[in-house]
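Descriptive structure summary
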Amino acid sequence: MKILVCISKVPDTTTKINVGEDKKSIDSKGVKFILNPYDEFAIEEGLRIKEQKGGEVTVLTVGDESNQDILRTALAMGADNAVLVKASYDFDSFQVANNIANYAKKYNPDLILLGRQSIDFDSFQVPSLLATLLDFPSVSVVSKLTIDSNKIIAERDIEGGKEIVETSLPCIISTQKGINEPRYPKLPDIMKAKKKNIEEFPFENTNKYVEILSLQLPDKKRVGKIVGDSDNEIQEIVNLLHNEAKII
Amino acid sequence: MNKILIYLELNNNIFKRSSLELITAANNLTTKENIFGLIITKNEINDDILKKYGLQNLIIVNNLPLDNYSSSAFSKIVNQIARQLNIDLLLFSGNATGLELAPKVSVLLDAAYSADTIGLEKVNEELIISKPVYAGKAIIKLKLNKQIKVLTLRPNIFTAKEDNIENINKEVYNVEISENDFKEKVLEVKRNEGKLDVSEADIIVSGGRGIKGPENYYLIEELAKVLGGAVGASRAVVDAGWRPHSEQVGQTGKTVSPNLYVAVGISGAVQHLAGMSSSKYILAINKDKEAPIFKVADYGIVGDIFQIVPKLIEKIKQIKG
């Protein structure tokens, strides 16, 4: 089975965000970038399927040279090949999906795995965009995946429960927390991964659909009424919930 | 924009509140005759609630070859309807269904897509969209450079407003769809029985590390019960195995915007704030007055949660009579 895992690089959640000089993007000075946490589940799931059923795992990312490190992390975890679709400028999610589709048409994977969302723009959209571009079925936010020859049963998290979805290969799955526990790469594998070849694939620069006009920090915090734990003070909060918030 | 299509959803054959929110959002952008609701279902539906919230046109699609939901097949149906009606803006709810379906529709329609909309305004005939990024630590404003635009709206941000109309124009459309278009099929929906889910609740009470152990979670459950809300949890509590992942609020859990969010013994790590800071009101209870949760709270009580929560429950019961 040929498995393509698509990953991305994002600012660490705990990083402080400052507005950049263009007022449209963040100031990346001092920002720590990491492998998108949901993509770790996608890599791990790809590796487990390969270990069970044989085949190969190729990891791909769209971005500039600095994305080599997340590809090497995936190689150290056990991926066989790494592909950098090299773009040195800004691109939107549709362009990401379009470029993954370009590579997939050449590579012909049986299964494409991605994280459910990247934690920078939190849009959940690339798996579905890619599915339609390739005319593949897809299931998003999957917390359990079973593959039996060509048939796939995926459990997908929805509001207040789960959907059990049946589909078949080739298909696209986006991974949710709970699907597996991603492994930590071992030191010798990290050293080996540094020497591995990373294939470059050309970026097709189509028109951008999304034009960012401004990026701002959210309005300054709410002016909170913070009290102690005396009876009267707790009563005051309950009264506010009743009279001001009108919730009780 | 000229014509808006709203993707309507049912839960137990009742229109979801998030669908009504879309009607209000659309009514704020254009006149009623240019707004079309679409419902894809084989069931008989009651449209009274749609009239109450001011939807003038309803398109019904019921000639489905299968009963199963399928994002591939349904995206093709929406595409056909949108093309027939010359729609240039499509609105979906930003729930599990919408987030999966809307991007598919956008590709079929050669449209531009943006997710998680929290603000929508028309400035000089141009649609300006606001959306949180970087776990809510920043907000971007954007526009979409395509004639047809597809959006998902974050639930419970655009309040549904009553806007009674007398008559609703209903039309049944036939679509060309075959069993082969159902590339993936939902076989079964497993509901978490007897439990209100955090993503569907008006009020949520969540516990964090400060609750000290699963045996103390009854405090959270009781407070949720008197408030008529759902039980949530922080990541620490879920990772410790005290509560199921379905209750987790935050970046690796669910993003919620209830009317009231009560955080009990939760310090307020940025990952947690990402999942709940757009709540309308936030009440925090924590022993550490420096805890970051108090910076986003409307109301806060500093002290021992094991003393405070029982008193809070008593006082709420008194008010509720």
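Residues numbered from 1 in each chain as written. Chains lettered and ligands numbered in written order. Predicted model: local features only at pLDDT ≥ 70, side-chain atom pairs only at ≥ 80, totals over all residues. Heavy atoms only, no water.

Moving on, we get to the overall build of chain B. When helices and strands are counted, chain B shows nine helices and 18 strands. Over its C-alpha atoms chain B spans a radius of gyration of 21 Å, differing by no more than 12% from the 20 Å that the globule rule assigns to 321 residues. Expressed as lengths along the three principal axes of its C-alpha atoms, the size of chain B is roughly 60 × 45 × 40 Å. Of all 321 residues assigned to chain B, the portion counted as buried reaches 61%. When contacts within chain B are restricted to residue pairs at least 6 apart in sequence, those whose partners lie at least 24 apart make up 65%. Just so you have it, chain B exposes about 12,700 Å², and 44% of that area is on carbon and sulfur atoms. Charged side chains in chain B number 39 positive and 37 negative. The centres of these two groups are separated by 5 Å. (Helix = DSSP H or I, 4+ residues; strand = E, 2+ residues; numbered from the N terminus. Rg over C-alpha atoms; globule rule 2.2 N^0.38 Å. Buried < 20%, exposed > 50% of the residue type's maximum accessible area, 1.4 Å probe, protein only. Contact = heavy atoms within 4.5 Å. Areas by Shrake-Rupley, 256 points an atom, 1.4 Å probe, with all protein chains shown as cover. Lys, Arg positive; Asp, Glu negative; His and termini not counted. Charge placed at Lys NZ, Arg CZ, Asp CG, Glu CD.)

Turning our eyes to something else, we now look at the packing of helix H3 (residues 93-107) of chain A against helix H4 (residues 126-134) of chain A. Residue and element names in this part refer to chain A. With their axes 9 Å apart at the nearest point, H3 and H4 run at an angle of 45° to one another. Of the possible angle classes, the one that applies to H3 and H4 is oblique. Regarding H3 and H4, the two cross each other, and that crossing is right-handed. Contact with H3, carried on its side by Ser93, Phe94, Val96, Ala97, Asn98, Ile100, Ala101, Ala104 and Lys105, involves Val126, Leu129, Leu130, Leu133 and Leu134 of H4 and no other residues of that element. Broken down by class, the residue content of the contact of H3 with H4 amounts to 11 nonpolar, two polar and one charged. (Axes fitted to C-alpha atoms, helices over the stretch in contact; angles between N-to-C directions. Parallel < 35°, antiparallel > 145°, perpendicular 65-115°, else oblique. Left-handed = near helix turned anticlockwise from the far one by under 90°. Nonpolar A, V, L, I, M, F, W, Y, C, P; charged D, E, K, R; others polar.)

Okay, helix H3 (residues 71-84) of chain B next. The end-to-end C-alpha separation of H3(B) is 20 Å, in line with the 20 Å expected for 14 residues at 1.5 Å each. With 10 of 14 residues buried, H3(B) is to be regarded as a mostly interior element. Of the residues making up H3(B), those classed as buried are B:Ser71, B:Ser72, B:Ala73, B:Phe74, B:Ser75, B:Ile77, B:Val78, B:Asn79, B:Ile81 and B:Ala82. Of the surrounding elements, those touching the buried residues of H3(B) are strand S7 (138-148) of chain A together with strand S1 (4-7), strand S4 (35-40), strand S5 (57-61), strand S6 (89-93) and helix H4 (96-108) of chain B. Residue B:Asn86 follows H3(B) closely and has a positive phi angle near 55°. (Expected span 1.5 Å × (residues − 1).)

What follows concerns the sheet that holds strand S14 (residues 203-207) of chain B. Backbone-to-backbone hydrogen bonds pair the strands of a sheet. The strands run either parallel or antiparallel. Spatially, the six strands line up as an open sheet ordered S13(A)-S18(B)-S17(B)-S16(B)-S14(B)-S15(B), and their pairing is parallel. Each edge of the open sheet carries a strand with a single partner, namely strand S13 (225-227) of chain A together with strand S15 (230-233) of chain B. The sheet shows a mean angle of 15° between the axes of neighbouring strands, taken without regard to direction. (Pairing = 2+ DSSP bridges.)

This next bit is on the domain arrangement of chain B. Residue and element names in this part refer to chain B. Domain parsing of chain B yields domain 1 (4-181) and domain 2 (203-319). Domain 1 and domain 2 are separated by 33 Å when their C-alpha centres are compared. Between domain 1 and domain 2, a total of about 620 Å² is buried, with carbon and sulfur atoms accounting for 44% of that surface. Contact with domain 2 buries surface across domain 1, with Ala135, Arg154 and Asn156 losing the most and accounting together for 69% of the total. (Domains from an automatic or database assignment. Buried area = accessible area lost by both parts, 1.4 Å probe.)

This part is about the interface of chain A and chain B. With 78 residues of chain A at the contact, the number on the chain B side is 87 residues. Regarding the contact of chain A and chain B, the summed buried area is about 7,000 Å², with carbon and sulfur atoms giving 58% of it. Taken as a group, A:Glu159, A:Tyr209 and A:Arg222 account for 11% of the area that chain A buries against chain B, more than any other trio of residues on that side. A salt bridge links B:Glu100 to A:Arg156; the shortest N-O distance between them is 3.5 Å. Elements supplying a minimum of two residues to the side of chain A that touches chain B: H4, S7, strand S8 (151-158), strand S9 (161-168), strand S12 (210-216), S13 and helix H6 (231-243) of chain A. The element best represented in the side of chain A that touches chain B is H6(A), accounting for nine residues. In terms of residue class, the side of chain A that touches chain B is built from 36 nonpolar, 21 polar and 21 charged. As defined by bridge partners, S13(A) adjoins strand S18 (residues 299-302) of chain B across three bridges and the pair is classed as parallel. (Salt bridge = Lys/Arg side-chain N within 4 Å of Asp/Glu carboxyl O.)

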